[in-house]
Amino acid sequence: MSQLKVKIVNKSHHQLPAYATEASAGMDVRAFISEPITLQPLERALIPTGLYMSLPVGYECQVRPRSGLAAKHGVTVANAPGTIDADYRGEIKVILINLSREPFTVNDGERVAQLVVARHEVVEWESVGTLDDTERSDGGFGHTGVK
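Visitor: Can you lay out the environment of Cys-61 for me, pointing to particular residues and giving the numbers?
Guide: As for its position among the elements, Cys-61 is in strand β6 (residues 59–64). Judged by its relative accessible area of 0%, Cys-61 is buried. A C-alpha to C-alpha distance of 24 Å links Cys-61 and Trp-125, two positions 64 residues apart in sequence. Apart from residues no more than four positions distant in its own chain, Cys-61 is found in contact with Met-53, Leu-55, Gly-82, Thr-83, Ile-84, Leu-115, Val-116 and Val-117.

Dropping the structure here:
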């Protein structure tokens with residue numbers, strides 16, 4: 001598998017995001033905070049990571065929830081997936097939200113999200129008067145039924 005070189009500055013004292021297994025798509029990213037942050041039920045907070053990156057043009061970095069946090073604690077990324085654009089040079093921060101009924105405390109070094117770097121296309125819109133018809137046509141939410 002080919003590798004993409006991405007420049008990164010790590011101002012935290014934590015390891016760089018890394019793949020847990022050879023086939024992982026996401027890399028866990030850790031909280032870089034001076035004191036614990038407790039999220040009350042339905043509360044959200046911006047969690048710093050101490051990481052800054054320079055992506056090549058044509059790529060984005062998606063900030064996605066960690067399934068373990070969501071399943072075990074009801075904590076997820078509020079704007080999932082968040083997008084880090086190639087021209088952004090600020091600190092990567094994660095918007096966590098607690099969707100559970102119990103408070104959740106984020107500690108320094110805790111894995112709070114995962115990063116997925118992906119190629120994307122640039123769209124050039126072609127304005128037309130009508131679109132080609134398909135079997136689905138304009139069938140939307142739930143149009144195929146429950147089963």
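Back to the text.
Visitor: Please provide a residue-by-residue account of the sheet that holds β6, values included.
Guide: Pairing in this open sheet of four strands is antiparallel, and the strands run β2-β11-β6-β8 from one edge to the other. Each of the sheet's edge strands pairs with one partner strand only, and the pair in question is β2 (27–30) and β8 (82–84). Averaged over all pairs of adjacent strands, the angle between strand axes in this sheet comes to 35 degrees, irrespective of strand direction. In this sheet, β8 lies alongside β6 in antiparallel orientation, the contact comprising three bridges.

Conventions we followed
- Residues numbered from 1 in each chain as written.
- Predicted model: local features only at pLDDT ≥ 70, side-chain atom pairs only at ≥ 80, totals over all residues.
- Heavy atoms only, no water.
- Helix = DSSP H or I, 4+ residues; strand = E, 2+ residues; numbered from the N terminus.
- Buried < 20%, exposed > 50% of the residue type's maximum accessible area, 1.4 Å probe, protein only.
- Contact = heavy atoms within 4.5 Å.
- Pairing = 2+ DSSP bridges.
- Axes fitted to C-alpha atoms, helices over the stretch in contact; angles between N-to-C directions.

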